[in-house]
Amino acid sequence: HQCSNERFINTLQQWGMGDAMGVLIITPLLLSWVKPSLPIFNTENKLPTALGFVLLILTNLFIFGIIPSSYFNSEIYSLEYLCFPFLMWAGYKLTQRGATTAIFLTVVIAIVATMQGNSPFAEDRVENSLFLLWSFFAVVSIPTLLLSGARNEWVAVENRLTELAYNDSLTKLL
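Student: Break down the pattern of salt bridges for me, with residues and values.
Tutor: Close approach of charged atoms lets side chains of opposite charge pair. Throughout the structure, instances matching the rule amount to one salt bridge. Here E163 and R160 are joined by a salt bridge, their closest N and O atoms 3.1 Å apart. One end of the pair is E163 and the other is R160, both in helix α5 (residues 126-167) and three residues apart, which spans about a single turn. On the accessibility criterion, E163 (41% relative accessible area) is partly exposed.

If you want it as structure tokens, here you go:
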């Protein structure tokens, strides 16, 4: 059975992009949940965190057509990036566990909706749907991960400076 050069390149591209998305989405999720020293959430009040996740899930279900809406026609309005503010919130306000979980929930809902044909990424050709999904995954996950990493570093430096201010032999504030 012969395979054309174009089909081979297309298959190689899909394979590589699938692996890249696994590295971009699954690896940070697994690493953040395997490390035992990370707290799940760095908030004192759990209600805003729970509300944020509920709003993220509801927004994703709405965006990807799992919850039908008669108010917005997905043919006219491009709403797939409406989840971005919630992901930025997760990246800034939550630990890496919370941010990677928010990304994972968004990705799973997008995949399920695309498989059902409800998603704005559902196309006639599977290759087109995959490319649209991959680009969406990259656009929503990279900034969220970068913001989460920067925020976690900021908190770590802040905690270290506070510790030095109170416990350093030079300052002796305590």
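Student: With reference to specific residues and values, describe the packing of aromatic side chains.
Tutor: Going through the model one piece at a time under the given rule, you end up with six aromatic pairs. Their ring planes at 45° and their centres at 5.1 Å tell us that F121 and F136 sit as a pair that is tilted. Of the two residues, F121 sits in the loop between α4 (96-116) and α5 while F136 sits in helix α5, which places them 15 residues apart along the sequence. For the pair F121 and F136, a shared accessibility class is recorded, and that class is buried. Put simply, the rings of F64, Y81, F121, F136 and F137 touch in pairs and so form one group of aromatic residues.

Student: Could you give an account of the side chain of S148, with specific residues and numbers?
Tutor: Note that S148 resides in helix α5. Filtering out sequence-adjacent residues up to four positions away, S148 remains in contact with G91, L94, T95, Q96 and A99.

Student: Break down the packing of helix α3 (residues 84-93) against α4 for me, citing the residues and quoting the values.
Tutor: Between two packed helices, the angle of one axis relative to the other and the distance separating the axes together describe the packing. Contact pair α3 / α4: the axes reach a minimum separation of 7 Å and the direction vectors enclose 160°. In terms of orientation, α3 and α4 fall into the roughly antiparallel class. Contacts between α3 and α4 involve L87, A90 and G91 from the first element and G98, A99, A102, I103 and T106 from the second. Class assignment of the residues belonging to the contact of α3 with α4 gives a composition of five nonpolar, three polar and no charged.

Student: Give me a nonpolar patch on the surface: which residues, what numbers.
Tutor: A cluster of nonpolar side chains, F8, I9, L12 and W15, forms an exposed patch at the surface whose accessible area comes to about 480 Å². Structurally, F8 is set in helix α1 (residues 5-34).

Student: For α4, give the residues involved together with the corresponding values.
Tutor: Compared with an ideal rise of 1.5 Å per residue, which puts 21 residues at 30 Å, α4 spans 30 Å between its outermost C-alpha atoms and is within 8% of the ideal. Phi turns positive, to about 85°, at G117, one or two residues after α4.

Student: I'd like a description of the environment of M115, backed by residues and values.
Tutor: Here M115 shows up in helix α4. Relative accessible area serves as the criterion here: at 70%, M115 is assigned to the exposed category. In sequence terms M115 and V126 are eleven residues apart; their C-alpha atoms lie 9.6 Å from each other.

Student: Could you give an account of the environment of F84, naming the residues involved and the relevant values?
Tutor: Tracing the chain through its elements places F84 in helix α3. The sequence separation of F84 and L56 amounts to 28 residues, and the corresponding C-alpha distance is 9.1 Å. In this structure, F84 is in contact with V139, V140 and P143, ignoring residues within four places of it in sequence.

Student: Lay out the packing of α1 against α4 in plain terms, naming residues and giving numbers.
Tutor: Put simply, α1 and α4 touch, their axes get as near as 9 Å, and they point 145° apart. Judged by the twist between their axes, the crossing of α1 over α4 is left-handed. Seen from α1, the contacting residues are I25, I26, P28, L29, S32 and W33; seen from α4, they are Q96, R97, T100, T101, I103, F104 and V107. By residue class, the composition of the contact of α1 with α4 is eight nonpolar, four polar and one charged.

Student: So what's going on with the nonpolar core? Which residues, and what values?
Tutor: Counting residues in each nonpolar core, the largest one holds 24 residues, and the members touching the most others are F64, C83, L87, F136 and F137. Contributions of two or more residues to this core are made by α1, α2 (46-63), α3, α4 and α5. Per element, the largest residue contribution to this core is six residues, and it comes from α4. When sequence neighbours within four positions are dropped, the list of residues in contact with F136 reads F64, E80, Y81, C83, T106, A110 and F121.

Rules and cut-offs
- Residues numbered from 1 in each chain as written.
- Predicted model: local features only at pLDDT ≥ 70, side-chain atom pairs only at ≥ 80, totals over all residues.
- Heavy atoms only, no water.
- Salt bridge = Lys/Arg side-chain N within 4 Å of Asp/Glu carboxyl O.
- Helix = DSSP H or I, 4+ residues; strand = E, 2+ residues; numbered from the N terminus.
- Buried < 20%, exposed > 50% of the residue type's maximum accessible area, 1.4 Å probe, protein only.
- Phe/Tyr/Trp six-rings, centres within 6.5 Å; stacked < 30°, edge-to-face > 60°.
- Contact = heavy atoms within 4.5 Å.
- Axes fitted to C-alpha atoms, helices over the stretch in contact; angles between N-to-C directions.
- Parallel < 35°, antiparallel > 145°, perpendicular 65-115°, else oblique.
- Nonpolar A, V, L, I, M, F, W, Y, C, P; charged D, E, K, R; others polar.
- Patch = residues over 30% accessible without salt bridge, like charges linked within 9 Å, V, L, I, M, F, W, Y side chains within 5 Å.
- Areas by Shrake-Rupley, 256 points an atom, 1.4 Å probe, with all protein chains shown as cover.
- Expected span 1.5 Å × (residues − 1).
- Left-handed = near helix turned anticlockwise from the far one by under 90°.
- Core = buried A, V, L, I, M, F, W, Y, C linked by side-chain atoms within 4.5 Å.

What is shown is where atoms sit, not what they do.
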